[in-house]
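Descriptive analysis of the structure
Now for the letters of each chain:
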Amino acid sequence: MKINELANLKAESPDTLPSAERRNFLKIGLAVTGVYLGGTVLSLTSVVDALAEGPVPTAGKYPYSPHYTMVLREHLCIDCELCKEACVKTNNVPSYGYRTTILERRRDIVGGEKETIFMPVLCNQCNRPPCVRVCPTTATWKDEKTGIVVMKNSRCIGCKTCMAACPYNARYFNEETRAVDKCDFCWESRLSKGETNPACVEACPADVRVFGDLADHNSRVFQLLHTPGSIVWVLRPETGAIPNVFYTNA
Amino acid sequence: MKKIVAIGFVGAILFSYLLISAADQPAVEQEPYDEDAYGPEALIIWNEPVKGVFFSHQLHTMEMGLDCESCHDDLFEMEAGAAEGQDDFTMAAMGDGMYCGACHDGSMAFDVNSQCASCHQQPEDAIVWTKPVKAVIFEHTTHSEDMGLDCESCHDDLFTMQAGAAEQADDFVMASLYDGLYCGACHDGSTAFASDTRCTTCHIGVRGYARLMGEAETPAHGAGH
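Residues numbered from 1 in each chain as written. Chains lettered and ligands numbered in written order. Predicted model: local features only at pLDDT ≥ 70, side-chain atom pairs only at ≥ 80, totals over all residues.

Describing the overall build of chain A
What chain A contains, in helices and strands, is eight helices and ten strands. On C-alpha atoms alone, chain A measures out to a radius of gyration of 25 Å, which is more than a quarter above the 18 Å that the 2.2 N^0.38 rule sets for 250 residues. Taken along its principal axes, the extent of the C-alpha atoms in chain A is 95 × 50 × 40 Å. Per-residue burial for chain A yields a buried fraction of 32% across its 250 residues. Contacts spanning at least 24 positions in sequence make up 59% of the contacts within chain A whose residues lie at least 6 apart. (Helix = DSSP H or I, 4+ residues; strand = E, 2+ residues; numbered from the N terminus. Rg over C-alpha atoms; globule rule 2.2 N^0.38 Å. Buried ≥ 20, exposed ≤ 12 C-beta atoms within 10 Å, placed from the backbone. Contact = placed C-beta atoms within 7 Å.)

Quick notes on the overall build of chain B
Secondary structure assignment for chain B yields eight helices and four strands. Across chain B, helices and strands are ordered from the amino to the carboxyl terminus as α-α-β-β-α-α-β-β-α-α-α-α. A burial count over chain B gives 13% of its 225 residues as buried. Within chain B, contacts between residues separated by at least 24 positions form 37% of all contacts whose residues are at least 6 apart in sequence.

A closer look at the interface of chain B and chain A
Every contact between the two is made by twelve residues of chain B and, on the other side, 23 residues of chain A. Its residues placed into classes, the side of chain B that touches chain A shows five nonpolar, five polar and two charged. (Nonpolar A, V, L, I, M, F, W, Y, C, P; charged D, E, K, R; others polar.)

Quick word on unusual backbone geometry
Here the bond from Ser65 of chain A into Pro66 of chain A is cis, since omega is 0°, no more than 30 degrees from zero. By secondary structure assignment, the location of Pro66 of chain A is in the loop between helix H3 (48-53) and strand S1 (68-73). Residue Pro49 of chain B is reached from Glu48 of chain B by a cis peptide bond, and omega for that bond is -5°. Turning to its location among the elements, Pro49 of chain B is positioned in the loop between strand S1 (44-46) and strand S2 (53-55).

Considerations on the sheet that holds S1 of chain A
Residue and element names in this part refer to chain A. Read from one edge of the open sheet, four strands run S8-S1-S10-S9, paired in mixed fashion. Looking at the sheet topology across the chains shown, the edges are occupied by strand S8 (209-213) and strand S9 (232-233). Note that S1 and S8 share five bridges and pair antiparallel. Following the sheet pairing, Met70 is matched in S8 by Phe211. (Pairing = 2+ DSSP bridges.)

A few points about the confidence of the model for chain B
All names here are of chain B. When pLDDT is averaged along chain B, the result is 84, and 82% of the positions lie at 70 or above. Element-level pLDDT for chain B is lowest in helix H1 (residues 2-24), with a mean of 59, against a maximum mean of 95 in helix H7 (residues 174-178). Model confidence for the complex: the whole-complex pTM is 0.72, and ipTM, which rates the interface, is 0.71. (pLDDT = per-residue confidence, 0-100.)

Here it is, written out as structure tokens:
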């Protein structure tokens, strides 16, 4: 070996790499990491579009017809729980579970006082339902016509993966039917039989729950969600589930 | 001249000392309360038809000088709780000269329809209504002490003093409040916050009710799976 010539060879250490080369290499690494993290934990794709759109779908972009939607006028909820009672009665919900419930929050307001906020919660009938994605037996799916996330009890093996996947804690395991049960906007018990509203909507004395077809511009849900100046929000938008249950104080 | 001033000064000091020491003297010993002559020493407390009405024998006999016969047995039987059992043991009857109303007529003693708090103790605990919806809370102390309202501000025009009376009425609903009935008399948006705003100030809900009654945090169909 010509030891003397070695000193004249081009070094192979990283410091001699052009910075463009280094950047490309790091980009590949980050992209691979991003893909493996599922795109939601560390996403390299732009979220600008998602933020600009807001929780309410743009008018005309409703995949379902009727596009069943519930709007909850949160500030009117008084936790009388007549909705829960009606739901239990209508859908034979056992005492250890619920299809809809009321959560409670307390916050400080001016004057050293506290304000209570009651938050009705139910299945959000998501456009991208995490529960459907994880079901190994296709016992739950999104109805192609109405967009309601429905269950077929005979297919359910009770693995409860859907319960873990649901961002809204809206599913429970029914010991009697040996299947996971959930809100279906009263499709089975009422809507399919010609009723226009779920039982909870009918029972609410404070007009908190408004139900209807978002694709119909004359419906109350459409009007509530498209009132000028009104603020509309959904629960846990960061999950990307695209829920169809909206909250407002209008 | 100087001497006179000095004597006056010493005198003033002495006089003030006397005054101070006199104040330190034990007060004249009170006459012992004789239950045989004046009736039971403990307060009589009625809880029917409304809770927390007090009567002091000592005040009426020993201090006002009434005899036992002034009230017993024409107005009140001596048996404890006898009056409470009567259907006519009400403010209306007293206004007609029965029971306390025999004297409390506005001339002999203050009128029964004045000075409510002389006999009625305002409830310290919150009033909780569970009809027509569960559950609505009312604090007497917030309204009387913090807001400075009198008993007459609400009783008996807006609310009778009988516990649960409003709940029995068919018109004890929000729509009535908007028409100025019940709480709506003040909660109209000008005197106090409008009754169609700040719902949860009074509506504590099923959860708040359970908490108040000391029940478990998660009742049936609760928030946990």
